[in-house]
There are 2 protein chains.
Amino acid sequence: MTSIIQNISKHISLTPEEEALFLSKTETRHYKAKTIIQNAGQVCREGYFVNSGLLRSFNINDNIVEHVMSFACEGWWISDMYSLLSQKPGNLFIEVMEDAEVVVLSKVNQDQLYLEIPKLERFFRILIENSLVANQERLMDNLSLTAEERFEKFCKKYPGLIQKVPQKQIASFIGVTPEFFSKMKSRMLRK
Amino acid sequence: MTSIIQNISKHISLTPEEEALFLSKTETRHYKAKTIIQNAGQVCREGYFVNSGLLRSFNINDNIVEHVMSFACEGWWISDMYSLLSQKPGNLFIEVMEDAEVVVLSKVNQDQLYLEIPKLERFFRILIENSLVANQERLMDNLSLTAEERFEKFCKKYPGLIQKVPQKQIASFIGVTPEFFSKMKSRMLRK
DNA sequence: CGACTTTCTTAACCTACATTAAGTGCTGTT
DNA sequence: AACAGCACTTAATGTAGGTTAAGAAAGTCG
């Protein structure tokens, strides 16, 4: 049983035939670190489920400052939701941070699968619901917590990531500059 | 044809029987302005579709500072998604800002309806997808734009709300204090 | 291995926004 | 009419976090 099927069966149960049909509509790809698999300004036509490795999505402001929207490691999905849903050019880049194996589900195949296996509507509804809740929390945290508190939450929520992700990208994710993050971190250590 | 059925039929089509079934699982309520219909610390058991009037959801930080999570006027849905989905105590209050008529869909009935009218999975999936995209944009805006830019976006996105919503709550929504918002506004007018 | 690039740190200085506080003008209630 | 209570404004002062710049450390690649 592959990992993506495990992921789906957490929320709905598929027959072996449905599993096979689902898998037949996906494609497994291997990417080297630093590959950009989605560019801002282009229409996003695929969602990605991460089998192994590490990816991130981010946008670039005024052609200078990067803002990390999300990280995705084993068992996570990643895409440019805005662009994928609207099929308009998006603002996000998606970059492979560590050599990765991903399961690719194209927008076209996903839409077909909704018709062929209506239960998948439920699966993706639940997936998106969870994303929305996480996003709302992150938004409120950004409005109401200090950078230090946000970093503490980040450490608790994604204990695996702190080791793997360059510090400047954690800084970007929680919404501060790398310089300030560095200062803050050493201030926190001194306590 | 009631407004909530119009709202649904934007994304899926229901038979007259399904429409009737759906409506039979809802309840229409009238609330006076200033009513709190959901309290932080309690489990949220209902979602609300606004027929008329104006509501907002917000949390309170350190028992002092309010942060507006969302506004909802005619044709919008509002709830405490985290609490509604997890059935754990939530952090949000939901308050009626202007006398309102709302269609109430309880969690229990919603779950039943998913079984009786599976197409509704699709409807709510799409609804949540759109919320997620809007939320992601708001998050990136908070990370990368100035308060002034966020306010300009707010005005474009919700032209109707600026008239109706007290200024301090717009301030809270875009993430600044009422005092700073006031100063910023007069600075913007001077140009 | 060395050359090059990128990340991280430190420190001086800067600014967007917060805090505090006092005052003005509504609106609703009695 | 009068008072209470809010929403809004203004202004002085405070601070979290940004900017700039320069050097140290660490990763990357030939």
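Refer to the preceding data block for the structure.
Before going into details, it helps to say that this report is about the structure given with it. (Residues numbered from 1 in each chain as written. Chains lettered and ligands numbered in written order. Predicted model: local features only at pLDDT ≥ 70, side-chain atom pairs only at ≥ 80, totals over all residues. Heavy atoms only, no water.)

## Some details on the packing of aromatic side chains
For the structure on display, the rule yields 24 aromatic pairs over all chains. Judged by centre distance (5.8 Å) and plane angle (85°), the rings of Tyr114(B) and Phe124(B) are edge-to-face. In this pair, Tyr114(B) is assigned in helix H4 (residues 107-116) and Phe124(B) in helix H5 (residues 119-144), connecting sequence segments ten residues apart. According to the relative accessible area criterion, Tyr114(B) is buried, its value standing at 5%. Aromatic pair Phe154(B) and Tyr158(B): ring centres 5.3 Å apart, planes at 50°, arrangement tilted. Judged by its relative accessible area of 3%, Phe154(B) falls in the buried class. Of the aromatic side chains, those joined through ring pairs into one cluster are Phe49(A), Trp77(A), Tyr114(A), Phe123(A) and Phe124(A). (Phe/Tyr/Trp six-rings, centres within 6.5 Å; stacked < 30°, edge-to-face > 60°. Helix = DSSP H or I, 4+ residues; strand = E, 2+ residues; numbered from the N terminus. Buried < 20%, exposed > 50% of the residue type's maximum accessible area, 1.4 Å probe, protein only.)

## Notes on the interface of chain A and chain B
Many descriptions give the size of an interface as the accessible area lost when the pieces come together. The interface of chain A with chain B comprises 30 residues on the first partner and 28 residues on the second. Carbon and sulfur atoms supply 69% of the area that chain A and chain B bury against each other, a total of about 3,100 Å² over both sides. The largest per-residue losses of area from chain A upon contact with chain B belong to Leu139(A), Met140(A) and Leu143(A), which jointly make up 20% of the total buried on that side. Among the salt bridges present, the one from Glu121(B) reaches Arg125(A), with a minimum N-O distance of 2.6 Å. Viewed at the interface, chain B and chain A are joined by five residue pairs in polar contact (both at pLDDT 80 or more). At the level of secondary structure, the elements contributing two or more residues to the side of chain A that touches chain B comprise strand E3 (46-61), strand E4 (65-73), helix H3 (81-86), helix H4 (107-116), helix H5 (119-144) and helix H8 (167-174) of chain A. The element contributing the most residues to the side of chain A that touches chain B is H5(A), with 17 residues. In terms of residue class, the side of chain A that touches chain B is built from 15 nonpolar, ten polar and five charged. (Contact = heavy atoms within 4.5 Å. Buried area = accessible area lost by both parts, 1.4 Å probe. Salt bridge = Lys/Arg side-chain N within 4 Å of Asp/Glu carboxyl O. Polar contact = N/O pair within 3.5 Å; in protein donor to acceptor, adjacent residues only side chain to side chain. Nonpolar A, V, L, I, M, F, W, Y, C, P; charged D, E, K, R; others polar.)

## Thoughts on unusual backbone geometry
All names here are of chain A. Unlike most non-glycine residues, lysine 34 shows phi in positive territory, near 75°. Assignment of secondary structure puts lysine 34 in the loop between strand E1 (26-31) and strand E2 (36-38). What makes lysine 34 exposed here is its relative accessible area of 69%.

## Details of the relation of the copies chain A and chain B
Superposition of the two copies of the chain requires a rotation about an axis and a shift along the axis. With an RMSD of 0.0 Å, the operation that places chain A on chain B is a rotation of 180° combined with a shift of 0.0 Å along the axis. Taken together, the rotation and translation relating the two chain copies correspond to the operation of a two-fold axis. When the interface residues of chain A are mapped onto chain B, 93% of them again fall at the interface, so both copies present the same face. (Least-squares fit on C-alpha atoms with pLDDT ≥ 70 in both.)

## Concerning the protein's contact with DNA strand C
Lining the immediate surroundings of DNA strand C are 16 residues, of which Gln167(A), Lys168(A), Ser182(A), Lys185(A) and Thr177(B) lie closest. Expressed as a percentage, the sugar and phosphate content of the atoms of DNA strand C within 4 Å of the protein is 74%. Measuring from a phosphate oxygen of DNA strand C, one finds a backbone N or O atom of Lys168(A) at 2.8 Å. At a separation of 3.2 Å, a phosphate oxygen of DNA strand C approaches a polar side-chain atom of Lys185(A). (Near = heavy atom within 4 Å.)

## Some words on the side chain of Arg29(A)
Residue and element names in this part refer to chain A. Residue placement: arginine 29 occurs in strand E1. Only 2.7 Å separates the side chain of arginine 29 from the side chain of tyrosine 31, close enough to count as a polar contact. A distance of 2.8 Å separates a polar atom in the side chain of arginine 29 from a polar atom in the side chain of glutamate 46. Residues within four places of arginine 29 in sequence aside, it is in contact with Glu46, Tyr48, Ala100, Glu101, Val102 and Val104.

## A word on the pattern of salt bridges
For the structure shown, the criterion picks out 32 salt bridges over all chains. When the shortest N-O distance is used, the salt bridge between Glu98(A) and Lys164(A) registers 3.8 Å. Remark: Lys164(A) occurs in helix H7 (residues 161-164) and Glu98(A) occurs in strand E6 (residues 93-106); sequence separation between them is 66 residues. For Glu137(B), the salt bridge identified is with Lys157(B), shortest N-O distance 3.4 Å. Here the residue Glu137(B) occupies a position in helix H5, and Lys157(B) occupies one in helix H6 (residues 147-157), the gap between them amounting to 20 residues. For Glu137(B), a relative accessible area of 33% gives the class partly exposed. When its relative accessible area of 44% is taken as the criterion, Lys157(B) is described as partly exposed.

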